[in-house]
Amino acid sequence: MKFKKIICWPPLLGGIGAGVTIGILAYITFQSVLAGTNYGLWLAASFASSVVVVFGYPENEFAQPKNVLLGHLLCALVGIIFVTLFNITQDRSIFFITIGLAMGISVMLMMAFKIGHPPAGGNPIIVIMGSVSVDYLLTPVISGSIIILLFAIILNRFILKKNYPSKK
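Model, not experiment: these values are computed from the prediction.

The rules behind the values
- Residues numbered from 1 in each chain as written.
- Predicted model: local features only at pLDDT ≥ 70, side-chain atom pairs only at ≥ 80, totals over all residues.
- Heavy atoms only, no water.
- Helix = DSSP H or I, 4+ residues; strand = E, 2+ residues; numbered from the N terminus.
- Buried < 20%, exposed > 50% of the residue type's maximum accessible area, 1.4 Å probe, protein only.
- Contact = heavy atoms within 4.5 Å.
- Areas by Shrake-Rupley, 256 points an atom, 1.4 Å probe, with all protein chains shown as cover.
- Lys, Arg positive; Asp, Glu negative; His and termini not counted.
- Charge placed at Lys NZ, Arg CZ, Asp CG, Glu CD.
- Expected span 1.5 Å × (residues − 1).
- Polar contact = N/O pair within 3.5 Å; in protein donor to acceptor, adjacent residues only side chain to side chain.
- pLDDT = per-residue confidence, 0-100.
- Core = buried A, V, L, I, M, F, W, Y, C linked by side-chain atoms within 4.5 Å.
- Patch = residues over 30% accessible without salt bridge, like charges linked within 9 Å, V, L, I, M, F, W, Y side chains within 5 Å.
- Salt bridge = Lys/Arg side-chain N within 4 Å of Asp/Glu carboxyl O.
- Axes fitted to C-alpha atoms, helices over the stretch in contact; angles between N-to-C directions.
- Parallel < 35°, antiparallel > 145°, perpendicular 65-115°, else oblique.
- Left-handed = near helix turned anticlockwise from the far one by under 90°.
- Nonpolar A, V, L, I, M, F, W, Y, C, P; charged D, E, K, R; others polar.

Q: Explain the overall build of the chain to me, using residue names and the numbers behind them.
A: Helices and strands together make up the secondary structure of the chain, namely seven helices and zero strands. In the chain, the order of α-helices and β-strands from amino to carboxyl end is α-α-α-α-α-α-α. Seen along its three principal axes, the alpha-carbon backbone of the chain occupies a region of about 65 × 40 × 20 Å. When each of the 168 residues of the chain is scored for burial, the buried share is 41%. Look at the contacts in the chain between residues 6 or more apart in sequence, and 73% of them connect residues 24 or more apart. Split by element, the accessible area of the chain, about 9,200 Å² in all, is 74% carbon and sulfur. In the chain, 11 positive and 4 negative side-chain charges are present, and the distance between their average locations comes to 21 Å.

Q: Lay out helix α7 (residues 135-159) with the relevant residues and their values.
A: Here α7 contains 25 residues, and its C-alpha end-to-end distance of 34 Å stays within 8% of the 36 Å for a straight helix at 1.5 Å per residue. The first or second residue beyond α7 is Lys-161, which carries a positive phi of 60°.

Q: Tell me about the side chain of His-72, and please be specific about residues and values.
A: The residue His-72 is located in helix α4 (residues 65-86) in this model. With a relative accessible area of 0%, His-72 lands in the buried category. For His-72, the side chain forms a polar contact with the side chain of Ser-50, separated by 2.6 Å. The residues touching His-72, leaving out its near neighbours within four places in the chain, are Ser-46, Phe-47, Ser-50, Asn-67, His-117, Pro-119, Ala-120, Asn-123, Val-141 and Ser-145.

Q: For the confidence of the model for the chain, give the residues involved together with the corresponding values.
A: Of the residues in the chain, 91% reach a pLDDT of 70 or more, and the chain-wide mean stands at 90. Within the chain, helix α1 (residues 2-7) has the poorest average pLDDT of any element, 60, and helix α3 (residues 46-56) the best, 96.

Q: Describe the nonpolar core, and please don't skip the residues or the numbers.
A: Among the nonpolar cores identified, the biggest contains 35 residues, and Val-54, Phe-55, Val-127, Ile-128 and Tyr-136 are the most heavily contacted of them. When residues of this core are assigned to their parent elements, the largest contribution, eight residues, is made by α7. Excluding residues within four positions of it along the chain, Val-127 makes contact with Ala-76, Gly-79, Ile-80, Val-83, Val-132 and Tyr-136.

Q: A description of a nonpolar patch on the surface should follow, citing residues and the corresponding values.
A: On the surface, Trp-9, Leu-12, Ile-16 and Val-20 cluster together to form a nonpolar patch covering roughly 370 Å² of accessible area. Judged by relative accessible area, Leu-12 falls into the partly exposed class, the value being 31%.

Q: Outline the environment of Ala-18, listing residues and values.
A: By secondary structure assignment, the location of Ala-18 is in helix α2 (residues 10-30). Spatially, the C-alpha atom of Ala-18 lies 8.5 Å from that of Gly-56, the residues being 38 residues apart in sequence. Once you skip the residues sitting within four places of it in the chain, Ala-18 turns out to touch Val-51 and Phe-55.

Q: With reference to specific residues and values, describe the side chain of Thr-29.
A: By the secondary structure assignment, Thr-29 is in helix α2. Since its relative accessible area comes to 7%, Thr-29 is described here as buried.

Q: Explain the packing of α4 against α7 to me, and be specific about the residues and the numbers.
A: Axis separation between α4 and α7 bottoms out at 10 Å; the angle between their running directions is 165°. With respect to each other, α4 and α7 are oriented roughly antiparallel. For the pair α4 and α7, the crossing hand works out as right-handed. Residues Pro-65, Val-68, Leu-69, His-72, Leu-73, Ala-76, Leu-77 and Ile-80 of α4 pack against Tyr-136, Leu-137, Val-141, Ile-142, Ser-145, Ile-146 and Leu-149 of α7. Residue composition of the contact of α4 with α7, grouped by class: 13 nonpolar, two polar and no charged.

In structure tokens form, the structure reads like this:
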């Protein structure tokens, strides 16, 4: 009886779900046939905190699929716009200003559109520091977010029988 309770313990399953999801994204990025191609990047640092939210606190507004996908997309897009407009790769003297502005605008837009996802707030920093292009939106932002959400739905709805995504 106690063994079943330990195996079905939500923190354990949440940790396993988070680890498996990030492990799969890392595998696709570094070991799969896609590794080393233009579509080989499926893992972003901000996804680590996204899995904490969707697997650990799935009932939270910030963990809902709309917030996860659109929050990551919006914040990465803001970063790409700043990289493009301010040509940050050439002029690092405005680096701290552009990161601060991009971060502030990202938070403002997530709040205005009601798609807050705190882990997505890291995307402008990642994008600006890496001087990435618009391809970053497809891989890893959209593709990685979708994989996180698929695993979150499988674990939360079908295994833990939670109301995820919530129907608020």
